[in-house]
Amino acid sequence: MEHGSFTDNSAATFSLTEEDHTLANAVRFTLNQDPRVTFSGYCIPHPSHARVNIRVQTTGEPAREILKDACQDLMLMCRNVRSSFDKAVEDFKASNSVKAMNIDSQDGDSEESE
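For the structure given in this document, a descriptive report is provided here.

### Examining the pairing of strand E4 (residues 51-58)
- Across seven bridges, the pairing between strand E2 (residues 11-17) and E4 is antiparallel. From the neighbouring strand, Thr17 faces E4, where its bridge partner is Arg51.
- Note that strand E3 (residues 37-43) and E4 share six bridges and pair antiparallel. Within E4, the residue paired with Val37 across the bridge is Thr58.

Structure below.
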């Protein structure tokens, strides 16, 4: 849901349901990277409600479009992190390091005796 002025679309507050700090802070960070944004922030109106309000003020471009661009940028960042993580897991498994690990090691017992 979008709350804003009908005459000035460069500032708006977007209310997202079923979301919390996890998404809101990531979106806020991405919005703040955009030079078209003059202010972005978020709040959670009440801790028992799963809703966040994200405020966006721009240099003149529609806030809705800026938010859409920020969400797309965030999705690209997440895809990059996921592919980097998946590649690292594959590389680790391929290096046979898993077989070389001694999981039944008694290292934990030696720390307790010190």
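### Some points on the pattern of salt bridges
- Tallying each qualifying case throughout the model produces six salt bridges.
- Of the charged contacts in the structure, one is a salt bridge between Glu61 and Arg36, with a shortest N-O distance of 3.2 Å. Of the two residues, Glu61 sits in the loop between E4 and helix H2 (63-94) while Arg36 sits in the loop between helix H1 (21-32) and E3, which places them 25 residues apart along the sequence.
- By relative accessible area, Glu61 is classed as partly exposed at 35%.
- Note that Asp86 is salt-bridged to Arg82, the shortest N-O span being 3.2 Å. Taken together, the residues Asp86 and Arg82, both in helix H2 and four residues apart, mark about one turn of the helix.
- Residue class for Arg82 comes out exposed when judged on its relative accessible area of 55%.
- Connected through shared salt-bridge partners, Asp34, Arg36, Glu61 and Asp69 make up one network.

### Topic: the side chain of Thr30
- Here Thr30 lies in helix H1.
- Residue Thr30 is classed as buried on the basis of its relative accessible area, which comes to 5%.
- Here Ala26 takes part through its backbone oxygen, which lies 2.9 Å from a polar atom of the side chain of Thr30.
- Excluding anything up to four places from it in sequence, Thr30 contacts Ala70, Asp73, Leu74 and Met77.

### Description of unusual backbone geometry
- With a phi angle near 60°, Glu18 is a residue other than glycine that sits in the positive phi range.
- Among the structural elements, Glu18 can be located in the loop between E2 and H1.
- Residue class for Glu18 comes out exposed when judged on its relative accessible area of 65%.

### Observations concerning H2
- Over its 32 residues, H2 extends 46 Å from the first C-alpha to the last, a length consistent with the 46 Å expected when each residue adds 1.5 Å.
- What H2 keeps buried is the set Ala63, Ile66, Leu67, Ala70 and Leu74.

Criteria and cut-off values
- Residues numbered from 1 in each chain as written.
- Predicted model: local features only at pLDDT ≥ 70, side-chain atom pairs only at ≥ 80, totals over all residues.
- Heavy atoms only, no water.
- Pairing = 2+ DSSP bridges.
- Helix = DSSP H or I, 4+ residues; strand = E, 2+ residues; numbered from the N terminus.
- Salt bridge = Lys/Arg side-chain N within 4 Å of Asp/Glu carboxyl O.
- Buried < 20%, exposed > 50% of the residue type's maximum accessible area, 1.4 Å probe, protein only.
- Polar contact = N/O pair within 3.5 Å; in protein donor to acceptor, adjacent residues only side chain to side chain.
- Contact = heavy atoms within 4.5 Å.
- Expected span 1.5 Å × (residues − 1).

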